[in-house]
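Each chain, letter by letter, is given below.
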Amino acid sequence: MGSLSIWHWLIIAVVFVMFFGAKRMPDAARSLGRSLRIFKSEVSQMQNESNAPSSGAPAQQPAPQLPAAQQQAPQATEPRTEQKSV
């Protein structure tokens, strides 16, 4: 008594086709699939972040060493201005 029979599902399907039209149903299903895929990836990413071990402070990488020639003070240059073509 509490479950839906085949006739109930058929009536629901007819109502959906009447509301959305047969042409828009594939697009709606495709959009729903994309949304569910994005939601699934976000949930798995959140689970991966919560499972990652946290040691308190994030690990810092050492600063790259520049050759002596590049360690000099940078030379001043004129700021670039973009010209819009009309």
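In what follows, the structure referred to is the one given above.
Residues numbered from 1 in each chain as written. Predicted model: local features only at pLDDT ≥ 70, side-chain atom pairs only at ≥ 80, totals over all residues. Heavy atoms only, no water.

With that out of the way, let us pick up the pattern of salt bridges. Taken as a whole and assessed by the stated rule, the structure comprises one salt bridge. Here arginine 30 ties to aspartate 27 by a salt bridge, and the two come within 2.8 Å at their closest N and O atoms. Remark: aspartate 27 and arginine 30 occur in helix H2 (residues 25–51); sequence separation between them is three residues, near one turn of the helix. Relative accessible area serves as the criterion here: at 42%, aspartate 27 is assigned to the partly exposed category. (Salt bridge = Lys/Arg side-chain N within 4 Å of Asp/Glu carboxyl O. Helix = DSSP H or I, 4+ residues; strand = E, 2+ residues; numbered from the N terminus. Buried < 20%, exposed > 50% of the residue type's maximum accessible area, 1.4 Å probe, protein only.)

Let us look at a nonpolar patch on the surface. Together, Leu4, Trp9, Ile11, Ile12, Val15, Phe16, Phe19 and Phe20 give the surface a local cluster of nonpolar side chains, amounting to about 820 Å² of exposed area. Within the secondary structure, isoleucine 12 is located in helix H1 (residues 6–20). (Patch = residues over 30% accessible without salt bridge, like charges linked within 9 Å, V, L, I, M, F, W, Y side chains within 5 Å. Areas by Shrake-Rupley, 256 points an atom, 1.4 Å probe, with all protein chains shown as cover.)

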